[in-house]
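# Examination of the molecular architecture
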Amino acid sequence: MVLATVSEPSAKEEVPAVAGVACHGLVKDFGSGENRLRALHGIDIDVRCGEMTLLVGPSGCGKTTLISIIAGLLTPTAGSVTLFGTPQSALRGDRLVDFRAQNVGFVFQQYNLLPSLSAVENVSIPLLVVGWRRPAALQRAAAVLREVGLGERLHSSPTKLSGGQQQRVAIARALVHEPRLLVCDEPTAALDAQSGQTVMGLLKQVAVKSDRTVIVVTHDSRVFQFGDRVLEMADGRIVQDSVTPRGSQELVRSENSAS
Amino acid sequence: MIWVAWRMLTGDTAKYLGAVFGVAFGVLLITQQASVFVGIISRTANPLSDVREASIWVCDEYLQNADEIEPMSDNAVYRVRGVEGIEWAVRLYKGMARARKPNGLFRQVILLGIDDQSLVGAPRKILMGDLASLRRPSAVFIDKSGYESLWPGEPLTIGREIEMNDRRAVIVGICETSAPFQSFPVIIACYSQATGFVARERNQLSFVVGAPVPGVSPAEACRRITAQTGLMAMTYREFVWLTIKYYMENTGIPVNFGITIVLGFVVGTAIAGQTFYLFTLENLRHFGALKAMGVNNRRITGMVLLQSLVIGLIGYSLGIGMAVAFFEGTKQSLPQLRGINIPWQIAVGSGLVMIVIMSLTSLLSLRKVLTLEPAVVFRG
Ligand SMILES: Nc1ncnc2c1ncn2[C@@H]1O[C@H](COP(=O)(O)OP(=O)(O)O)[C@@H](O)[C@H]1O
Ligand SMILES: [Mg+2]
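Presented here is an overview of the structure given in this document. Along each chain, the written sequence defines residue order, and numbers are assigned to residues from 1. Each chain gets a letter, beginning with A, and each ligand a number, beginning with 1, in the order they are written. Predicted model: local features are reported for residues with pLDDT of at least 70 only, side-chain atom pairs are reported and counted for 80 or more only, and whole-chain, interface and lining totals are derived from all residues. As a convention, hydrogens and water are excluded, and side-chain values are obtained from all of the structure's heavy atoms.

### Some remarks on the overall build of chain A
- Secondary structure counts use DSSP, requiring at least four H or I residues in a row for a helix and at least two E residues in a row for a strand, with both numbered from the N terminus. Of regular secondary structure, chain A possesses 8 helices and 10 strands.
- Contacts were defined at the residue level, with two residues in contact if any of their heavy atoms lie within 4.5 Å. Counting contacts in chain A only where the partners sit at least 6 residues apart, residues at least 24 apart contribute 72% of the total.

### Here we look at the overall build of chain B
- In terms of regular secondary structure, chain B is built from 11 helices and 10 strands.
- Only C-alpha atoms enter the radius of gyration; for comparison, a globular chain is expected to reach 2.2 Å times N to the power 0.38, where N is the number of residues. Its C-alpha atoms give chain B a radius of gyration of 29 Å, more than 25% over the compact-globule value 21 Å for 380 residues.
- Each principal axis of the C-alpha distribution contributes one length, and for chain B these read about 90 × 50 × 35 Å.
- For chain B, with 380 residues in total, the buried portion stands at 52%.
- Considering only contacts in chain B between residues 6 or more positions apart, those separated by 24 or more positions represent 78%.
- Element-wise, carbon and sulfur atoms account for 59% of the exposed surface of chain B, whose accessible area totals about 17,200 Å².
- Counted charges follow a simple rule, with Lys and Arg positive, Asp and Glu negative, and His plus the chain ends left uncounted. Working definition for charges: the position is that of NZ of Lys, CZ of Arg, CG of Asp or CD of Glu. Charged side chains of chain B number 35 positive and 28 negative; the gap between the two group centres comes to 10 Å. Note on classification: 1.4 Å probe, protein chains only; a residue is buried when its accessible area is under 20% of the maximum for its type, exposed when over 50%, partly exposed between these limits. The accessible surface values rely on the Shrake-Rupley method and a 1.4 Å probe; as for residues, cover is taken only from the protein chains in view.

### Description of the pattern of salt bridges
Residue and element names in this part refer to chain A.
- Definition used for salt bridges: Asp or Glu carboxyl oxygen within 4 Å of a side-chain nitrogen of Lys or Arg. For the coordinates displayed, the defined rule picks out 15 salt bridges over all chains.
- Where R140 meets E178, a salt bridge forms, and the shortest distance between an N and an O atom there is 3.3 Å. Linking R140 in helix α5 (residues 134-147) with E178 in the loop between α6 (163-175) and β7 (181-185), this pair joins segments that are 38 residues apart in sequence.
- Exposure remark for R140: the relative accessible area of 13% places this residue in the buried category.
- Shared partners join several salt bridges into a network, and the residues in it are D29, R36 and R38.

### Digging into the site of ligand 1
- Near residues are defined by distance, with any heavy atom within 4 Å of the molecule or strand qualifying the residue. Near ligand 1 the following residues occur: A:F30, A:L37, A:A39, A:P58, A:S59, A:G60, A:C61, A:G62, A:K63, A:T64, A:T65 and B:R379.
- With respect to ligand 1, its neighbouring residues span chains A and B.
- Within the backbone of A:G60, an N or O atom sits 2.7 Å from an oxygen atom of ligand 1.
- Counted as a polar contact is a pair of N or O atoms within 3.5 Å, where, for protein atoms, one must be capable of donating a hydrogen and the other of accepting one, and residues adjacent in sequence contribute only when both atoms are in side chains. In the model, an oxygen atom of ligand 1 is placed 2.5 Å from a nitrogen or oxygen of the A:T65 side chain.

### Examining the side chain of B:R91
All names here are of chain B.
- With respect to the secondary-structure elements, R91 resides in strand β2 (residues 86-100).
- D74 provides the closest opposite charge to the buried, salt-bridge-free R91, at an N-O distance of 4.2 Å.
- At 3.2 Å, the side chain of R91 forms a polar contact with the side chain of Y78.
- Apart from residues lying up to four places away in sequence, R91 is in contact with D74, V77, Y78, G113, I114, D115, Y191, L205 and F207.

### Concerning the pairing of strand β9 (residues 207-212) of chain B
Residues and elements named next belong to chain B.
- By the criterion of burial, β9 is predominantly enclosed, with 6 of the 6 residues buried.
- On β9, burial covers both faces: F207, V209 and A211 on one face and V208, G210 and P212 on the other are all buried.
- By this definition, two strands are paired if DSSP reports at least two bridges between them. Pairing between β2 and β9: 6 bridges, direction antiparallel. Its bridge partner lying in β9, L92 is registered against F207.

### A closer look at the packing of aromatic side chains
- Pairing of aromatic side chains here covers Phe, Tyr and the six-membered ring of Trp, requires ring centres within 6.5 Å, and sorts the geometry by plane angle: under 30 degrees stacked, over 60 edge-to-face, intermediate tilted. Enumeration over the complete set of coordinates arrives at 12 aromatic pairs over all chains.
- Pairing A:F106 with B:F378 gives two aromatic rings, centres 5.9 Å apart and planes at 50°, and the pair type is tilted. Of this pair, A:F106 sits in strand β6 (residues 104-107) while B:F378 sits in the segment after α11 (344-370), each in a different chain. For the pair A:F106 and B:F378, a shared accessibility class is recorded, and that class is buried.
- Ring geometry for B:F21 versus B:F25: centroids 6.2 Å apart, planes at 40°, classification tilted. Within this pair, B:F21 and its partner B:F25 are both found in helix α2 (residues 13-41), separated by 4 residues, close to a single helical turn.

### Structural notes on the sheet that holds strand β9 (residues 229-234) of chain A
Residues and elements named next belong to chain A.
- The strand order β6-β7-β8-β3-β9-β10 describes an open sheet built from 6 strands, whose pairing is mixed. Single-partner strands in this sheet number two, and they are β6 and β10 (237-243). With direction set aside, neighbouring strand axes in the sheet form an average angle of 20°.
- In this structure, β9 lies alongside β10, joined through 6 bridges in antiparallel fashion. Each bridged residue has a counterpart across the sheet, and for A234 the counterpart in β10 is R237.
- Here, axes are lines fitted to C-alpha atoms. For helices the fit covers the stretch in contact, and angles between N-to-C directions go from 0 to 180 degrees. Of the strands in this sheet, β3 (51-56), β7 and β8 (213-217) are in contact with helix α7 (residues 193-209), which crosses β3 at around 135°.

### Examining the interface of chain B and chain A
- The partner chain A presents 32 residues to the 25 residues of chain B that form the contact.
- Accessible area, probed at 1.4 Å, shrinks when two parts are joined; the buried area is that loss added up over both. With both chains or domains summed, chain B and chain A bury close to 2,500 Å², and 64% of this area falls on carbon and sulfur atoms.
- Sorting the residues of chain B by area buried against chain A places B:W3, B:M293 and B:F378 first, and these three jointly supply 32% of that buried surface.
- Linking chain B with chain A are 1 salt bridge.

### What about the packing of helix α4 (residues 119-129) of chain A against α6(A)?
Residues and elements named next belong to chain A.
- Where α4 meets α6, the axes come as close as 7 Å, and the angle between the chain directions of the two elements is 30°. With respect to α6, the axis of α4 lies roughly parallel. Crossing handedness for the pair α4 and α6: right-handed. Contacts between α4 and α6 involve A119, N122, V123 and P126 from the former and V169, A172 and R173 from the latter.
- Residues of the contact of α4 with α6, tallied by class, amount to 5 nonpolar, 1 polar and 1 charged. Reported orientations rely on four angle classes, namely roughly parallel under 35 degrees, roughly antiparallel over 145, roughly perpendicular from 65 to 115, and oblique for the rest. Take the far helix as your reference; a near helix turned counterclockwise from it by less than a right angle gives a left-handed crossing, and one turned clockwise gives a right-handed crossing. Three classes are used, and their members are as follows: Ala, Val, Leu, Ile, Met, Phe, Trp, Tyr, Cys and Pro are nonpolar, Asp, Glu, Lys and Arg are charged, and the others, Gly among them, are polar.

### Description of the nonpolar core
- Membership of the largest hydrophobic core comes to 167 residues, with the highest contact counts inside it found for A:L145, B:V4 and B:W57.
- Here this core gets 12 residues from one element, more than from any other, and that element is α2(B).
- Domain assignment of the residues forming this core places at least three in each of domain 1 (2-43 + 252-378) and domain 2 (73-230) of chain B.
- Dropping the residues within four chain positions of it, B:V4 is found in contact with A:L114, A:L117, A:I125, A:L128 and B:M303. Only buried Ala, Val, Leu, Ile, Met, Phe, Trp, Tyr and Cys residues count toward a nonpolar core, and they belong to the same one when joined by side-chain atoms within 4.5 Å. Each domain's limits were defined by an automated method or a database of domain assignments.

### Considerations on unusual backbone geometry
- Cis rather than trans, the peptide bond between B:N46 and B:P47 has omega equal to -5°.
- Checked against the element boundaries, B:P47 lands in the loop between α2 and β1 (56-59).

### Brief notes about the side chain of B:S133
Residue and element names in this part refer to chain B.
- As for its position among the elements, S133 is in the loop between β4 (125-129) and β5 (139-143).
- A residue is classified by how much of its surface remains accessible, and S133, at 7% relative accessible area, is buried.
- Not counting chain neighbours up to four residues away, the residues in contact with S133 comprise A139, F141 and V172.

Spatial relationships are all this shows, so hold off on functional conclusions.
Structure representation (structure tokens):
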């Protein structure tokens, strides 16, 4: 299985307790003066590798803002983010962009696939960004699409795919370059229950089997069961941090034996 | 990434064609209007400008344009011939006459009288008839579109008669001439005949045209003629430009066309710029996603520039193509526009205009894309 073998196979068995993402005292203000709005009020979290972390909470509580900062798309007003040992503040301009290209994968609620490219072409983009040649990128993209069960739809236009299929293409695109961090904002919000389960199952597999850090923003309670850890936010703060009863290894093992 | 830019562009056929046709129509507008203007204004010396064998034009010293002519005395031709360095010089008559058909219908016509012996100024494109027959008494040539306006819908035939100044003239030939500014028929006769087709005046000689001997430049010959005879002498080019300048300075044509060209420019810019800008705006979400995925600003700039280059090039080619098709297509149906084509300077000029427009809109689009917060990709 390609997803499982992309990083060194030997590192698979025990999950190292290396901090994947560490946030410290994150504050984010939008606007200034009268209109200033504090979206994050000092967030401290550590997210370990090989874990699927769910970020939940009511709309407007700051979830998107938090993951945007973690992914390096927004600069915090105060506080720091360290990704796999690299402080984000040490990266500026193009170096931050390149870091993102190599280490972060994105899954959006609205998929954000380029409608004029086929599924496999969409998936190949992150590889092109990090300098792969097109034929090799397309080949690898096709392999990853097969992994997510879309081997039959490689050359379909995203507009011809169902929502669940589009989100699987988006996941393949987020993974194709083997980023260490996967950031997903409401990936199941636009999907029916069945597709939502499939998508979360895929993300879960990815997280555990390949030692990635996966952060999923969701307020879809149907998928809470997939999290190894659930961070609950309210009003710009983390109000609850809970580890779900079923350990991550266990879940994947039971899924594997079922399939 | 260049490949992704290309696919973004061509994959969405509707938007792509929209932007390409926007540019194409802009180019068409500018090219077409500017060409018509240049075509019309350069007609002002027609059909005299057909007399290309003459590099020297001599006329009354106060002449301002090719349409208002103060005749010189007939002996002017001998005085010009007497100037050193002149190889040959002949008479040329130009005036207006009234041509009446046997049924009484008449039209104002432009009358050219060319030297009886040398036939300098004879039409070059003869569609029917024989030039030598012009020397026969009462013989005239008429231009094709003049013939068609006198006998609309009838086939070209020679032998028809008209009457000018109560004198019979027989059409012995049909020719093409450069379209005159006023769309009057052009009648060509020998000098000795032509002066009989108009009311008698004391002086009748409109122009003396000629050429210098080899080794003497037309400009030098003109200086000598003016010095020796006191007449105005100009090179062919100066003569054509004298008339063009007169029309530019003394008629509403440049203002009217100027306004149309400026409007064409503004509308063309608006259409071309707007469609490309919209194209970028509609793709903003995708550019945001690409930026989030780690495409840096340099590459984003390359993508936008490639897209504008492709749209600009294809749109420009299409626009010039449509302008050519317009002039080709109207050749038959709009005789007023005959002979107007696209000077290469205008083709290049509208190309430059498009480069400016596309650069400006690319800059605007780029500003939009480059300042885009990649975090917007998470927002609906
Ligand atoms: N770019 C922005 N400018 C101003 N306010 C913003 C911006 N982005 C988010 N906010 C505000 O910050 C708060 C948190 O938003 P967000 O992180 O999107 O919440 P969530 O994802 O939990 O729904 C909201 O009150 C929102 O209005
Ligand atoms: Mg949100």
